[in-house]
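# Working through the structure, step by step
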Amino acid sequence: MSATAVVGPEVVERGFPKSLRSELIALRRAIHQHPELSFAEHDTANRLEAALRACGVEDIRRIGTGLVARVPGRSRTAPVVALRGDIDALPIQEATDLPFASVNPGVMHACGHDVHATWAVAAAALLLAEPADGDVLVVLQPAEETGTGALKILESGALDEVRAIFGGHVDRRFEVGEVVADEGPLAASADSFTIELIGSGAHAARPHESRDPIVAAAAVIMALQTVVARRLNPATPGVVTIGSIHAGNAPNVIPASATLAGTVRAIEPASRELLLHEVRQVAESVAAGLGVESRMTFEPGTPPIVNPAEATGWARAAAALVVGDRRLKPLGILNLGGEDFAHYMERMPGCFLRIGAREPGGEVIPAHSARFHAAEPSIFVGAAVLAQCARIASAALTARS
Ligand SMILES: [Zn+2]
Ligand SMILES: [Zn+2]
């Protein structure tokens with residue numbers, strides 16, 4: 001690809017009609033000010049539906065607190081692609097000094113989904129003005145933070161005809177106008193497990209009459225540290241973390257059981273399987289050596305996101321057209337956070353992008369911090385890049401069909 005000129009976010013923003021710009025900013029601020037938790041996004045969904053209709057989108061389907069809007073393409077029979085923006089907030093007390101800070105106590109848009117929802121609406125407006133070859137489904141997805149919203153949308157069947165999907169996340173490690181669209185791993189799988197260690201209780205002064213689950217818990221936790229260190233190929237990242245441990249109520253009583261809970265993160269399906277298998281194996285055998293039974297239950301979370309080559313190529317071409325290829329940045333250090341966009345990517349190809357959201361000279365504030373907010377111009381960059389992803393993917397899929 002030949003080098004394209006660097007385009008500042010202000011230029012991208014000027015590509016939007018002025019009245020639309022101010023409506024989008026008002027929409028983002030309203031969503032930010034009235035955040036709603038996963039699967040409770042009732043007002044948010046109403047606001048988004050009204051904004052889509054105001055832009056001229058007619059075909060809108062409600063799926064619980066989510067929406068799927070169909071933006072017509074130039075041909076009814078051309079392949080359909082989708083864009084996704086998530087819409088839910090987090091149980092965090094906001095500590096920004098934004099004039100439109102949350103008015104809902106203990107609830108906050110600390111992950112930037114207020115911006116994702118807005119750029120999805122903005123992308124719909126762009127695609128109405130300059131359609132893709134085929135229809136584009138704009139998915140406003142609830143409950144990303146609980147890892148369950150994408151499945152709800154998929155189970156509705158609304159995306160059955162979709163041939164490729166694109167989405168993005170604001171990221172303050174990158175300045176507004178910068179975009180990451182890297183092939184390969186982008187987010188980790190995030191599964192939870194609980195290990196119940198069942199022994200038998202006794203007087204604390206008579207340990208020989210017990211099968212002490214607290215000593216077993218200590219041994220199991222230390223042995224679990226060898227799973228990543230000794231079982232996982234060091235060339236691939238993974239995490240095993242015990243985040244909670246509960247046992248006993250009194251200093252002079254050995255309890256009958258102990259409960260550990262933790263999370264396993266991996267970026268490759270094979271390492272995910274291996275880690276979960278080894279955690280169970282190590283816990284059972286170490287506990288058994290101490291006369292304690294280990295029962296592990298596993299709560300599957302989101303799979304990893306691994307951006308495939310072809311769809312990532314479409315996304316890179318789209319980003320280069322919008323911001324110039326010098327503003328296409330490498331992800332750098334992989335973050336082992338989870339992202340439920342992965343559920344779509346299990347069913348169809350696509351690409352998940354990072355969209356720079358730090359104002360020039362601004363601070364790097366991590367998502368899920370009470371001070372997190374995304375720079376407003378990231379709305380326009382995200383919308384323009386995603387709309388262009390849809391056009392390029394649609395054209396490539398049409399040429400093939
Ligand atoms: Zn989040
Ligand atoms: Zn998020």
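Right above here is the structure, for reference.
Below you will find a few notes about this structure. Not measured: the values here are computed from a predicted model. (Residues numbered from 1 in each chain as written. Chains lettered and ligands numbered in written order. Predicted model: local features only at pLDDT ≥ 70, side-chain atom pairs only at ≥ 80, totals over all residues. Heavy atoms only, no water.)

## Quick notes on the pattern of salt bridges
What counts is decided by this rule: For this document, the term salt bridge refers to a Lys or Arg side-chain nitrogen within 4 Å of an Asp or Glu carboxyl oxygen.
Inspection of the entire model under this criterion finds 25 salt bridges. Between arginine 173 and aspartate 171 there is a salt bridge, with its nearest N and O atoms 2.7 Å apart. Each of Asp59, Arg70, Arg76, Asp135 and Glu161 takes part in salt bridges that share partners, so that together they form one network.

## Section: helix 3 (residues 42-55)
Convention followed: Each helix is a run of DSSP H or I of at least 4 residues and each strand a run of E of at least 2, with the numbering of both proceeding from the N terminus. Helices are assigned an expected span. That span is 1.5 Å times one less than the residue count. Burial classes follow relative accessibility: with a 1.4 Å probe on protein chains only, a residue under 20% of its type's maximum area counts as buried, one over 50% as exposed, and anything between as partly exposed. By arc we mean the arc of the directions from the helix axis to the C-beta atoms, nothing more. It only takes one pair of heavy atoms within 4.5 Å for two residues to be counted as in contact.
The end-to-end C-alpha distance of helix 3, which contains 14 residues, comes to 20 Å, matching closely the 20 Å that a straight helix rising 1.5 Å per residue would cover. What helix 3 keeps buried is the set Thr44, Ala45, Leu48, Glu49, Ala51 and Leu52. What you see down the axis of helix 3 is that its buried residues fit within an arc of 165°, all on one side. Of the surrounding secondary structure, the elements contacted by the buried residues of helix 3 are helix 2 (18-33), strand 1 (59-63), strand 2 (66-71), helix 4 (113-129) and strand 4 (136-141). Residue glycine 56 follows helix 3 closely and has a positive phi angle near 105°.

## Observations regarding the coordination of the zinc ion (ligand 1)
Note the following rule: Ligating atoms shown are N, O and S within 2.8 Å of the metal, or 3.2 Å for Na, K and Ca, and water is not included, meaning a site may look less than complete. The geometry test gives tetrahedral to four donors whose angles all lie between 85 and 135 degrees, gives square planar to four donors and octahedral to six donors whose opposite members are over 155 degrees apart with all other angles between 65 and 115, and gives irregular to the rest.
Summarising the metal site, the zinc ion (ligand 1) is bound by the protein donors Cys111 (SG), Glu145 (OE), Glu145 (OE) and His368 (NE2), whose distances to it range over 2.0 to 2.6 Å. Given four donor atoms and angles of 54 to 149° at the metal, the environment of the zinc ion (ligand 1) is assigned as irregular. When the donor residues of the zinc ion (ligand 1) are listed from N- to C-terminus, their spacing reads C-x33-E-x222-H. Between the zinc ion (ligand 1) and the zinc ion (ligand 2), both coordinated by cysteine 111, there is a metal-metal distance of 3.2 Å. Here histidine 368 lies in the loop between strand 15 (350-358) and helix 10 (378-400) and cysteine 111 lies in the loop between strand 3 (80-86) and helix 4, a separation of 257 residues in the sequence.

## Structural notes on the layout of surface pockets
To keep things clear, this is the line we draw: Cavities and pockets are found on a 1 Å grid laid over the protein atoms alone: a cavity is a set of points where a 1.4 Å probe fits but cannot escape, a pocket is an open set with protein on both sides within 12 Å along at least five of seven lines, and a lining residue has an atom within 4 Å of such a point. Grid points are joined across faces, edges and corners, and a volume is the space filled by probe spheres set on the points. Three classes are used: nonpolar for Ala, Val, Leu, Ile, Met, Phe, Trp, Tyr, Cys and Pro, charged for Asp, Glu, Lys and Arg, and polar for all others, with Gly counted as polar.
Empty space within the largest pocket amounts to approximately 810 Å³. Lining the largest pocket are 39 residues, and of these Glu144, Gly337, Gly338, Glu339 and His368 sit closest to its centre. When contributions to the lining of the largest pocket are tallied by element, the ones reaching two or more residues are strand 5 (162-175), strand 7 (184-187), strand 8 (189-198), strand 12 (257-266), strand 13 (293-302) and strand 15. Counting residues per element, the lining of the largest pocket draws most heavily on strand 5, at five residues. The class makeup of the residues in the lining of the largest pocket is 15 nonpolar, 13 polar and 11 charged. Lining the second largest pocket are Val7, Val11, Val12, Gly15, Phe16, Leu126, Ala129, Glu130, Val322, Ala384, Gln388 and Arg391. For the lining of the second largest pocket, the elements supplying multiple residues, two or more each, are helix 1 (9-14), helix 4 and helix 10. When residues in the lining of the second largest pocket are grouped by element, the largest group, three residues, is from helix 10.

No statement about biological role is implied by the geometric values presented.
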